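The chain contents come next:
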Amino acid sequence: MDQILDFGQPMGGIMQMAYIVPDIRQAIEQYRARLKTGPWFVIDHFPLFEAQYRGRPSEFDVSLALTYSGSMCVELIQQNNWETPSVYTEVQAKRGWGFHHFGVSCRDFDADVAHYKALGHEMALYGVAGVGARAAYMDTSDALPGMIELIEMTDKTEAFFTMMKTAAENWDGSDPVRVLGA
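Please read these numbers as outputs of a predicted model, since none were measured by experiment.

Explain the nonpolar core to me, using residue names and the numbers behind them.
I77, V87, Y88, M153 and F161 are the most contacted members of the largest nonpolar core, which has 29 residues in total. If you list the elements that add at least two residues to this core, you get β1 (14-20), β3 (48-53), β5 (62-69), β6 (72-79), α2 (87-95), β8 (123-129), β10 (147-152) and α4 (155-169). If we ignore the near neighbours within four places in the chain, the residues touching F161 are F7, M15, Q16, L66, Y68, C73, I151 and M153. Of all hydrophobic cores here, the second largest spans 11 residues; its members include V104, V113, Y126 and V128.

Structure below.
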């Protein structure tokens, strides 16, 4: 059996569904009210180091909001500088707002990137999150309804997602938006 991560998903499984939105705080309220999700953890101006968009350095600026429903993480993404090309602006231009990518956990990041490249999927985005974990968006939009984000599972990454899941399991409706430092 696959290793089950502390936040309830199997290693290598879909752990996140992500959506691009024009206004993250408005979207949080719409999702919270209609899907009863929360609390939402917001990271304004998410730090992504060594960011590369389609193989070239990029300085796009995004804010993220994350919550859990059961063992599934829901992520909202707002790009703050729409004049800068990115994986978000290209999808929004093609399909509009809404679903963007599946987040998939991985322990062997390099092997998983190589696997998707061997299947013919280009790396559309690469970066290193503030906790030191790598992430890559593989452009699977020719075969799936969006991209796949490979999320390197380190102890810090797993602890972060577990913290959010635990907060959602015990959420009493108070403090629905919690801003995290970048």
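Kindly report on unusual backbone geometry, identifying the contributing residues and their values.
Cis geometry marks the peptide bond from G38 to P39, where omega comes out at -5°. Tracing the chain through its elements places P39 in the loop between α1 (24-35) and β2 (40-43). Although it is not a glycine, K36 sits at a positive phi angle of roughly 55°. Within the secondary structure, K36 is located in the loop between α1 and β2. At R54, a position not held by glycine, the phi torsion is positive, near 50°.

Which residues make up the pairing of β3, and what are the values?
The sheet contact formed by β3 and β8 spans 4 bridges and is antiparallel. Across the sheet, the residue bridging to Y53 is L125, located in β8. Where β3 lies against strand β4 (residues 56-57), 2 bridges are found, and the strand directions are antiparallel. Note on β4: the bridge partner recorded for Q52 is P57. Count of turn residues in the β3/β4 antiparallel hairpin: 2 residues, of which R54 carries a positive phi of about 50°.

Tell me about the side chain of E158, and name the residues and values.
Along the chain, E158 falls in helix α4. Of the side chains with opposite charge, R107 comes closest to the buried, unpaired E158, at an N-O distance of 4.2 Å. Ignoring sequence-local partners within four residues, the contact set of E158 consists of L5, D6, F7, R107 and M153.

Criteria and thresholds
Within any chain, residue numbers begin from 1 and follow the written order of that chain's sequence. Reporting in this predicted model follows two pLDDT cut-offs: at least 70 for local features of residues, and 80 or more for side-chain atom pairs to be given and counted; totals over whole chains, interfaces and linings ignore these cut-offs and use all residues. Each side-chain value is worked out from all heavy atoms of the structure, with water and hydrogens disregarded. Put simply, buried Ala, Val, Leu, Ile, Met, Phe, Trp, Tyr and Cys residues joined by side-chain atoms within 4.5 Å make one nonpolar core. Accessible area is worked out with a 1.4 Å probe on protein chains only. A residue is then buried under 20% of its type maximum, exposed over 50%, and partly exposed in between. Here a strand is any run of E in DSSP of at least two residues, a helix any run of H or I of at least four, and the numbering for each starts at the N terminus. The contact criterion used throughout is that any non-hydrogen atoms of two residues lie within 4.5 Å. At least two DSSP bridges between two strands are required for those strands to pair. In this tally Asp and Glu are treated as negative and Lys and Arg as positive; neither His nor the chain ends contributes. Salt bridges are identified by distance alone: a Lys or Arg side-chain nitrogen within 4 Å of an Asp or Glu carboxyl oxygen.

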